[in-house]
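The lines below spell out each chain.
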Amino acid sequence: MDLEHLDVEVGFPVDKLLAASGDMVPVIIPSGLKAVCLYKGPYSDMEPFYNEVFKWLEERGYQLNGAAYEYYLNSPDEVDISELLTRIVLCVGQKAKGDQ
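Notes on the structure follow. Fair warning: this is a prediction, and the values are worked out from it, not measured in the lab.

Applying the stated criterion across every chain yields a total of three aromatic pairs. Between tyrosine 39 and phenylalanine 49, the aromatic rings sit 5.2 Å apart at their centres with planes inclined by 55°, giving tilted as the arrangement. With tyrosine 39 in strand β1 (residues 34–40) and phenylalanine 49 in helix α1 (residues 46–59), this residue pair connects regions lying ten residues apart in the sequence. Of the residues examined, tyrosine 39 reaches a relative accessible area of 7% and is grouped as buried. Between tyrosine 50 and phenylalanine 54 the ring centres are 5.8 Å apart and the planes differ by 50°, which places this aromatic pair in the tilted class. Here phenylalanine 54 and tyrosine 50 lie together in helix α1, a separation of four residues that amounts to about one turn. Since its relative accessible area comes to 32%, phenylalanine 54 is described here as partly exposed. Positioned above the aromatic ring of tyrosine 71, the side-chain terminus of arginine 87 is 5.3 Å from the ring centre.

Conventions we followed
Residues numbered from 1 in each chain as written. Predicted model: local features only at pLDDT ≥ 70, side-chain atom pairs only at ≥ 80, totals over all residues. Heavy atoms only, no water. Phe/Tyr/Trp six-rings, centres within 6.5 Å; stacked < 30°, edge-to-face > 60°. Helix = DSSP H or I, 4+ residues; strand = E, 2+ residues; numbered from the N terminus. Buried < 20%, exposed > 50% of the residue type's maximum accessible area, 1.4 Å probe, protein only. Lys NZ or Arg CZ within 6 Å of the ring centre and 35° of its normal.

And the structure:
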């Protein structure tokens with residue numbers, strides 16, 4: 001993950017596409033195949049979890065095919081950091097037969 005050039009998107013569902021305003025631009029989460037998982041623990045310890053998910057996908061013939069989205073289901077203000085829950089949604093696609 002390139003933290004120097006990280007693109008952070010904050011959003012919520014809306015009924016219609018909103019107009020861009022300054023640095024804020026509308027984005028549509030693409031349809032398609034997703035890998036969804038739930039991580040429990042401190043945000044600072046997520047990297048090994050992501051690596052395991054990437055390994056799991058690779059072993060099953062999938063590859064990342066777009067962005068990763070994190071949904072924070074609770075807050076460090078509400079629970080101990082060991083109880084933080086993050087829903088992770090990865091856009092994936094199947095590898096071509098020759099790429100496996």
